[in-house]
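Below are the chains, spelled out letter by letter.
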Amino acid sequence: MSDSDGEQLLAQIKRKYRREIAELNGHLFDDSGDRMLFRSRKVEDWNPPGITVRSLLDRHTTLTIMNSYEPIDDLDPHAPPGGVLILLSVAGQHKLLQQPLPVPEAEADAWARAAFGPWAEHAYYQGPRGELRSKRTQALFYAVYLDHNRQPRANPDHTLPHQPLAEKTVSVG
């Protein structure tokens, strides 16, 4: 996606879904907006908080966007304690039939940028994961790694594919 297409889509999401982005961030951070305190559920919880919105690129698709976190200590035993991995997933489904649909990747990228806010430049695109890689079910995953001071850090998990979100190019439409 060209930078201008991506920026236009991001601006459109921020404008149209301002309340939903605030709700998504409210699931993750405490009421003061302090990014040091997490309210979101850990990855192993099967019902992480999320939002459902209509796709801006595919009129038949709704998107479910969920966030969660996991202590980095679980991924990297050599990391200083207190770091966290923030995960964001974007899944698509038919708006009427509720059947899984492929996610418009450019829109999922824009949602990740909107949800991660100032951390977006440090976010990674992980793509679909393992059992979710079928054509029928497609959820796209994004990650930001934070150190014990909640500052972005490099990816310590080398078992999953990671592409810096800032370097991603996907066409819109």
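Predicted, not measured: the structure shown is a model, and the values here were computed from it.

(A) Local environment of the pattern of salt bridges. All chains considered together, the criterion is met by two salt bridges. The partner of Lys168 in a salt bridge is Glu105, with the nearest N and O atoms 2.5 Å apart. Separated by 63 residues along the polypeptide, Lys168 in the segment after strand 7 (163–164) and Glu105 in helix 3 (residues 105–116) bring together distant segments of the chain. Residue class for Glu105 comes out partly exposed when judged on its relative accessible area of 27%. Of the charged contacts, one joins Lys168 and Asp109 as a salt bridge, the two residues approaching to 2.7 Å between their closest N and O atoms. Residue Lys168 is located in the segment after strand 7, and its partner Asp109 is located in helix 3; the two are separated by 59 residues in the primary sequence. No difference in accessibility class separates Lys168 from Asp109, as the two residues are buried. A single salt-bridge network, built from bridges that share partners, covers Glu105, Asp109 and Lys168.

(B) Local environment of the pairing of strand 5 (residues 124–127). Neither face of strand 5 is open: one carries Tyr124 and Gln126, the other Tyr125 and Gly127, and all of them are buried. Sheet topology places strand 5 next to strand 6 (residues 139–146); three bridges connect them, and they run antiparallel. Across the sheet, Tyr125 pairs through a bridge with Tyr142, a residue of strand 6. Bridging between strand 5 and strand 7 involves two bridges; their strand directions are antiparallel. Opposite Tyr124, over in strand 7, you have Pro164 as the bridge partner.

(C) Molecular detail of the pairing of strand 2 (residues 61–71). Extensive coverage of strand 2 is indicated by the burial of ten of its eleven residues. Across five bridges, strand 1 (residues 50–54) lies against strand 2 in antiparallel orientation. Bridge pairing in strand 2 links Val53 to Leu63. From the end of strand 1 to the start of strand 2, which pair antiparallel, there are six residues. Relative to strand 3 (residues 84–94), strand 2 runs antiparallel, the two being bridged by eleven bridges. From the neighbouring strand, Pro71 faces strand 3, where its bridge partner is Val84.

(D) Highlighting the environment of Glu23. Structurally, Glu23 is set in helix 2 (residues 18–28). Judged by its relative accessible area of 40%, Glu23 is partly exposed. Between the C-alpha atom of Glu23 and that of Gly50, which follows or precedes it by 27 residues, the distance is 8.3 Å. Apart from residues lying up to four places away in sequence, Glu23 is in contact with Gly50 and Ile51.

(E) Expanded view of helix 3. With twelve residues, helix 3 extends 16 Å between its outermost C-alpha atoms, agreeing within 8% with the 16 Å of an ideal straight helix rising 1.5 Å per residue. Along helix 3, eleven of the twelve residues are buried, which leaves the element largely enclosed by surrounding structure. Within helix 3, burial applies to Ala106, Glu107, Ala108, Asp109, Ala110, Trp111, Ala112, Arg113, Ala114, Ala115 and Phe116.

(F) View of unusual backbone geometry. Positive phi is not limited to glycine here, since Gln98 has a value of about 60 degrees. For Gln98, the location among the structural elements is in the loop between strand 3 and strand 4 (100–101). Assessed through its relative accessible area of 51%, Gln98 is described here as exposed.

Procedures and definitions
- Residues numbered from 1 in each chain as written.
- Predicted model: local features only at pLDDT ≥ 70, side-chain atom pairs only at ≥ 80, totals over all residues.
- Heavy atoms only, no water.
- Salt bridge = Lys/Arg side-chain N within 4 Å of Asp/Glu carboxyl O.
- Helix = DSSP H or I, 4+ residues; strand = E, 2+ residues; numbered from the N terminus.
- Buried < 20%, exposed > 50% of the residue type's maximum accessible area, 1.4 Å probe, protein only.
- Pairing = 2+ DSSP bridges.
- Contact = heavy atoms within 4.5 Å.
- Expected span 1.5 Å × (residues − 1).

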